[in-house]
Amino acid sequence: MARSKIGLVGAGQIGGTLAHLVGLKELGDVVLFDIVDGVPQGKALDLAESSPVDGFDAALKGTSSYEDLAGADVVIVTAGVPRKPGMSRDDLIGVNLKVMEQVGAGIAKFAPEAFVICITNPLDAMVWALQQSSGLKPEKVVGMAGVLDSSRFRYFLAQEFGVSVEDVTAFVLGGHGDTMVPLTRYSTVAGIPLPDLIKMGWTTQAKLDQIVQRTRDGGAEIVGLLKTGSAFYAPAASAIAMAESYLKDKKRVLPCAAQLTGQYGVDGIYVGVPTVIGAGGVERIVEIELDRSERAEFDKSVNAVKGLIEACRKIAPNLG
Ligand code: A3D
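These numbers come from a predicted model, not from an experiment. (Residues numbered from 1 in each chain as written. Predicted model: local features only at pLDDT ≥ 70, side-chain atom pairs only at ≥ 80, totals over all residues. Heavy atoms only, no water.)

### Section: the environment of Pro82
Here is the rule: Secondary structure elements follow DSSP: runs of H or I no shorter than four residues count as helices, runs of E no shorter than two count as strands, and numbering proceeds from the N terminus. Only protein chains enter the calculation, and the probe is 1.4 Å; a residue is then buried if its accessible area is under 20% of its type maximum, exposed if over 50%, and partly exposed in between.
Of note, Pro82 is situated in the loop between strand 4 (74–77) and helix 4 (93–110). Relative accessible area serves as the criterion here: at 42%, Pro82 is assigned to the partly exposed category. Sequence spacing of Pro82 and Pro195 is 113 residues, and the spatial spacing of their C-alpha atoms is 36 Å.

### Focus: the side chain of Ser301
Let me state the cut-off plainly: Two residues form a contact once any of their heavy atoms are found within 4.5 Å.
Of note, Ser301 is situated in helix 11 (residues 292–315). Apart from residues no more than four positions distant in its own chain, Ser301 is found in contact with Gly174, Gly175, Thr179, Met180 and Val181.

### What to know about the packing of aromatic side chains
Formally: Pairing of aromatic rings covers Phe, Tyr and Trp, the last through its six-membered ring, and needs centres within 6.5 Å; plane angles under 30 degrees mean stacked, over 60 mean edge-to-face, and all others mean tilted.
Counting across every chain of the model gives seven aromatic pairs. Taking 4.5 Å as the distance between ring centres and 35° as the angle between the ring planes, the aromatic pair formed by Phe232 and Tyr233 counts as tilted. For Phe232, a relative accessible area of 15% gives the class buried. Overall, Tyr233 belongs to the exposed group, its relative accessible area being 61%.

### Examining the domain arrangement of the protein chain
Spelled out, the test is: Either an automatic procedure or a domain database provided the assignment from which the domain bounds are taken. Throughout, the accessible surface (probe 1.4 Å) given up by two parts as they are put together, summed over both, is called the buried area. The salt bridge criterion pairs a side-chain nitrogen of Lys or Arg with a carboxyl oxygen of Asp or Glu, the two atoms within 4 Å. Distance and chemistry together define a polar contact, namely a pair of N or O atoms within 3.5 Å, with one atom able to donate a hydrogen and the other to accept it when in protein, and with adjacent residues in sequence counting only for side-chain atoms on both sides.
Each domain of the protein chain was delimited in the assignment, giving domain 1 (5–144) and domain 2 (146–313). On a C-alpha basis, the centroid separation for the pair domain 1 and domain 2 is 22 Å. Each side of the interface is counted separately: domain 1 has 40 residues, and domain 2 has 45 residues. When domain 1 packs against domain 2, the two sides together hide about 3500 Å² of surface, and 73% of this comes from carbon and sulfur. Summed over the shared surface of domain 1 and domain 2, the result is one salt bridge. Between Lys25 and Glu244 there is a salt bridge, with the nearest N and O atoms lying 3.8 Å from each other. Where domain 1 meets domain 2, there are six residue pairs in polar contact (both at pLDDT 80 or more).

See below:
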């Protein structure tokens with residue numbers, strides 16, 4: 001059976017890390033695309049030269065031509081600009097929207113059958129723009145944010161409790177931004193919900209509130225430390241988990257930005273919700289019950305995403 005083909009649009013910090021992970025996990029052959037001539041070619045060759053040491057077989061090609069994406073099974077999009085200290089994700093909208101229009105057209109032409117994962121910020125608006133401009137089915141175009149946000153939440157919780165990250169599950173809903181909704185009620189250590197762990201004396205509400213806030217600010221914390229870009233290892237690992245679930249039809253339950261069609265009372269926009277990712281792309285959207293305060297936070301997040309999409313429509317009225 002032929003190896004899968006994975007197209008990576010954007011060969012920057014995340015794109016390069018994605019290519020490395022695809023190789024190490026032997027998920028398939030890689031085409032690394034960027035508009036900056038030499039960078040995708042250089043990174044692809046450098047990574048190919050690591051393959052004998054790490055023992056993986058994959059063809060790695062760098063390119064500045066969309067044609068090379070032809071027949072890709074998965075396309076992961078990181079093209080655009082990341083934020084700098086002091087910027088919000090929303091400040092990137094003008095530049096990155098134009099990039100999504102170009103990338104969407106390239107995917108529509110050369111990889112219309114692909115499962116497309118968008119990482120470019122502001123995520124919920126950019127994945128919407130990518131779906132609109134590519135015209136691919138909504139279940140084949142998703143945004144990566146929830147896997148990363150919940151991974152950050154899990155890591156902070158594991159640190160707080162002194163337990164393995166493997167035994168902590170966490171749940172984050174809503175848009176990827178300051179209004180994301182980490183749900184403590186649905187987050188557990190080995191199945192024990194966080195509110196019970198407070199009762200058991202493992203932590204306090206105040207500490208949990210701090211962890212929730214640190215999760216919301218997780219991206220900004222890294223931007224503040226790096227000063228010249230944003231997080232890339234954890235975002236790349238998160239998108240790879242989504243790609244792997246699709247390629248291997250694992251049907252993992254992963255929080256992703258998916259287009260809603262009435263679920264949670266929302267229609268036609270992308271918001272972070274639990275999904276089942278398998279060979280059909282987003283095969284199911286899991287609708288959980290929210291209590292009054294969770295609902296209020298979720299609605300606030302949805303409204304923030306709606307505002308961003310309105311801003312996109314003003315800049316590019318040709319999009320839906
Ligand atoms: P960076 O290292 O700057 O890489 C972006 C790459 O995109 C650069 O190599 C550019 O040359 C390339 N590029 C720019 N315009 C185009 C174009 N029109 N076509 C093709 N390539 C182009 O950034 P990065 O890899 O650190 O981050 C990429 C994106 O991911 C940014 O928008 C970040 O804000 C975003 N990001 C999202 C998350 C989420 O959780 C959603 C996390 C971290 C970063």
